[in-house]
Protein chains: 2
Amino acid sequence: MQATVAGFTPSPKSYRPVMCDAESVVHDNARPVCILGLGLIGGSLLRRLADPAAAEPRPVYGYNRSPGTVADATAAGYDATADLASVLTRAAADDALVVLAAPLPALPALVVAVAEHAPGCLLTDVVSVKEEVGRIVAEHHPRARYVGGHPMAGTAESGWAATDPELFTGAMWMVTTHDGTDPDDWLRVADLARAAGAYVVPAAADAHDRAVAAISHNPHLTAAVTATVGAGESELALRLAAGSFRDGTRVAGTAPQLQRAMLEGNANALLNTLSETIDRLTAARDALRDHGSVEVIVDDGHRARRRYQQIAAAEPAPIENVRVGEAGWAQELRRQAHQARVWVG
Amino acid sequence: MQATVAGFTPSPKSYRPVMCDAESVVHDNARPVCILGLGLIGGSLLRRLADPAAAEPRPVYGYNRSPGTVADATAAGYDATADLASVLTRAAADDALVVLAAPLPALPALVVAVAEHAPGCLLTDVVSVKEEVGRIVAEHHPRARYVGGHPMAGTAESGWAATDPELFTGAMWMVTTHDGTDPDDWLRVADLARAAGAYVVPAAADAHDRAVAAISHNPHLTAAVTATVGAGESELALRLAAGSFRDGTRVAGTAPQLQRAMLEGNANALLNTLSETIDRLTAARDALRDHGSVEVIVDDGHRARRRYQQIAAAEPAPIENVRVGEAGWAQELRRQAHQARVWVG
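Residues numbered from 1 in each chain as written. Chains lettered and ligands numbered in written order. Predicted model: local features only at pLDDT ≥ 70, side-chain atom pairs only at ≥ 80, totals over all residues. Heavy atoms only, no water.

Participant: Explain the UniProt feature "domain: Prephenate/arogenate dehydrogenase" (unreviewed entry) in chain A residue by residue, including any values.
Facilitator: As recorded in UniProt, the feature "domain: Prephenate/arogenate dehydrogenase" (unreviewed entry) lies at residues 31-319 of chain A. As annotated, residues 31-319 of chain A comprises 55% helix and 11% strand, and the C-alpha atoms at either end are separated by 27 Å. (UniProt positions renumbered as here; feature names shortened; annotations may be inferred. Helix = DSSP H or I, 4+ residues; strand = E, 2+ residues; numbered from the N terminus.)

This is the structure in structure tokens:
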């Protein structure tokens, strides 16, 4: 699953900034970004990059298959179209960074179009699973220059109306980092994440998919079942529902087709976390039934939550002593990211 | 489980407001409130009632066994003591409404003290289970005038430092409502809830306990297991954790001893909701493994969450056409509350 390797093509040198040093190569702010899909994530990214008052604005334009979304974006002053072939032809001429920002089921058709109209463009994505996206890219565009991405940001809302240019501020943005990843391509995708206001978290695709199964996809399933059991009890129960139910079920309100695309696209990793969830709940039920105690599940959960709060509350520690491109750089970035560090260049 | 019936003693008429009509009996703002326990719930109630700027301030004083909490409350200008016997002697002289506001394991000793020092006082509580509290009251103070209560409000924090006089504003406050409940006692406890800024939800103890198992206690267990599975995956996973994990695990951060007291005190009802949770997750795992689909669990959860949002977003509909004390009043209040209505007098 390393489409980055199979399809590696050197980035055209002529597009590098003329006045450059080691730092300005990272801040690759001359070349445009072309976003395919203007829903919550893609639309928020368009708005952020297009904002001239943002810390790092970029030339940016987007495509959405729905004319209504395009009309909304255009009316708000953004550069958007519903013509996929033309936007990709433009991206090819610009050597734009092309961002796949549609749900998983819509990706094959988009990648086919990229292979036809903009085969030389660097390709990234903002989809929540990485092994499956890599498989789709490798199948439909085997010569792609592809470095995957995944911003850890979202709400239970979806679509252009829910977009927010601040959605990524301070968020973690995973950038796939394999031993064969081209350093310049990696830096350009990492630059996109930083221009959006996010921290860069390097990871291999499979490690990422296991991680998001545990902290995003599994929580969708526990939220769904918590909501169902609560609402099924009685209207009185929903009348009495307060903070624990409100917060614990929030993501169950996400559009079902978006949840399905995300969860079913990560089925293998999710089966593992779901099985562990069932096993732990079953042990808790047995302990409650046989000994009247919920000590183990409550103590384990409390310790886990406190560890999360420690990590979330602190300024992320930076990855240190590694230059992208030097021997072993990808492995070292992954190693430090596994200690909860982030790449800041 | 109707301690209200077994120990019913008529309220001394001399304490009724002198200038009264049907409305002013409800707004029973002359007699003091004595709160036993000044943690998050009891302390917030003390602060709310004591605020002269509140809509309905009440004479109020409190007890806490920790001298540190008493010192904090006293320093902030509140009337508090660590002397249980003296506060209850005062409550008896005042005909105060005595509020049990300590965790379940601490209740027997408090109820024994009430039976000794203030046996004639009307007694209520703010604990999250009702059958078990009723059993404790019936055992240790069989002649108690007791009407249970449960404000649906809280945070993952605890103790005096977390108190907030606005904690109950707009919250639901369940008041136990059985066929043998004395109407005047019920009105006085309902008045306390309203003075705190809450809506009154009448319910029988067993129906309440089933409801909170479904919408509060079960969510504590799903939050705990979601946190444990997420944190157990890797530090990388916790680094990538975002909104779904943050919100879905929030209540796992509640002090373990408070969670255990609450959940283990409602073991029977919780065993049912926990078993249903396990069954639904197991069906979801089988469907994901065998058919690659999470359609059922996601659709069910989405529908349940939307139903909750409808109820939570709307101004609560009032219970209509029933006067507390008329024939069948308790049954009629419960019937309408089961349609998610609230009592507003």
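Alright, that's what it looks like, and here's the rest.
Participant: Account for the packing of helix H5 (residues 84-94) of chain A against helix H6 (residues 107-117) of chain A, with residues named and values stated.
Facilitator: Residues and elements named next belong to chain A. Two elements in contact, H5 and H6, have axes whose closest approach is 9 Å; the angle formed by their N-to-C orientations is 50°. Between H5 and H6, the crossing angle belongs to the class labelled oblique. Classified by chirality, the crossing of H6 by H5 is right-handed. Touching Leu 84, Ala 85, Leu 88, Thr 89 and Ala 92 of H5 are Leu 110, Ala 113, Val 114 and His 117, all from H6. For the contact of H5 with H6, the per-class residue count stands at 7 nonpolar, 2 polar and no charged. (Axes fitted to C-alpha atoms, helices over the stretch in contact; angles between N-to-C directions. Parallel < 35°, antiparallel > 145°, perpendicular 65-115°, else oblique. Left-handed = near helix turned anticlockwise from the far one by under 90°. Contact = heavy atoms within 4.5 Å. Nonpolar A, V, L, I, M, F, W, Y, C, P; charged D, E, K, R; others polar.)

Participant: Give a description of unusual backbone geometry that names residues and reports values.
Facilitator: Of note, A:Asp95 is a non-glycine position whose phi angle comes to about 50°, a positive value. Within the secondary structure, A:Asp95 sits in the loop between H5 and strand S4 (97-100). Unusually for a residue other than glycine, B:Ala340 sits at a positive phi of about 70°. One can find B:Ala340 in the segment after helix H15 (329-337). Overall, B:Ala340 belongs to the buried group, its relative accessible area being 8%. (Buried < 20%, exposed > 50% of the residue type's maximum accessible area, 1.4 Å probe, protein only.)

Participant: Explain the sheet that holds strand S8 (residues 172-176) of chain B to me, using residue names and the numbers behind them.
Facilitator: Residue and element names in this part refer to chain B. Within the open sheet, the 3 strands sit side by side as S7-S8-S9. Their pairing is mixed. Across the chains shown, the open sheet's two edge strands, defined by having one partner strand only, are strand S7 (149-151) and strand S9 (199-203). Strand-to-strand, the axes of this sheet are offset by a mean angle of 25°, without reference to chain direction. Bridging between S7 and S8 involves 3 bridges; their strand directions are antiparallel. Bridging from a neighbouring strand, Pro 151 pairs with Trp 173 of S8. Sitting on the sheet, helix H8 (residues 183-195) touches S8 and S9, and the angle it makes with S8 is about 170°. (Pairing = 2+ DSSP bridges.)

Participant: I'd like a description of the interface of chain B and chain A, backed by residues and values.
Facilitator: Listed as interface residues are 90 residues of chain B and, on the opposing side, 90 residues of chain A. Both faces combined, the contact of chain B with chain A buries some 8,400 Å², and carbon together with sulfur accounts for 70% of it. Linking chain B with chain A are 8 salt bridges, by the criterion used here. Across the pair B:Glu295 and A:Arg260 runs a salt bridge, and its minimum N-O distance is 3.5 Å. At the boundary of chain B and chain A, one finds 28 residue pairs in polar contact (both at pLDDT 80 or more). Elements supplying a minimum of two residues to the side of chain B that touches chain A: S8, S9, helix H9 (205-233), helix H10 (235-240), helix H11 (243-248), helix H12 (256-264), helix H13 (267-291) and helix H14 (295-313) of chain B. (Buried area = accessible area lost by both parts, 1.4 Å probe. Salt bridge = Lys/Arg side-chain N within 4 Å of Asp/Glu carboxyl O. Polar contact = N/O pair within 3.5 Å; in protein donor to acceptor, adjacent residues only side chain to side chain.)

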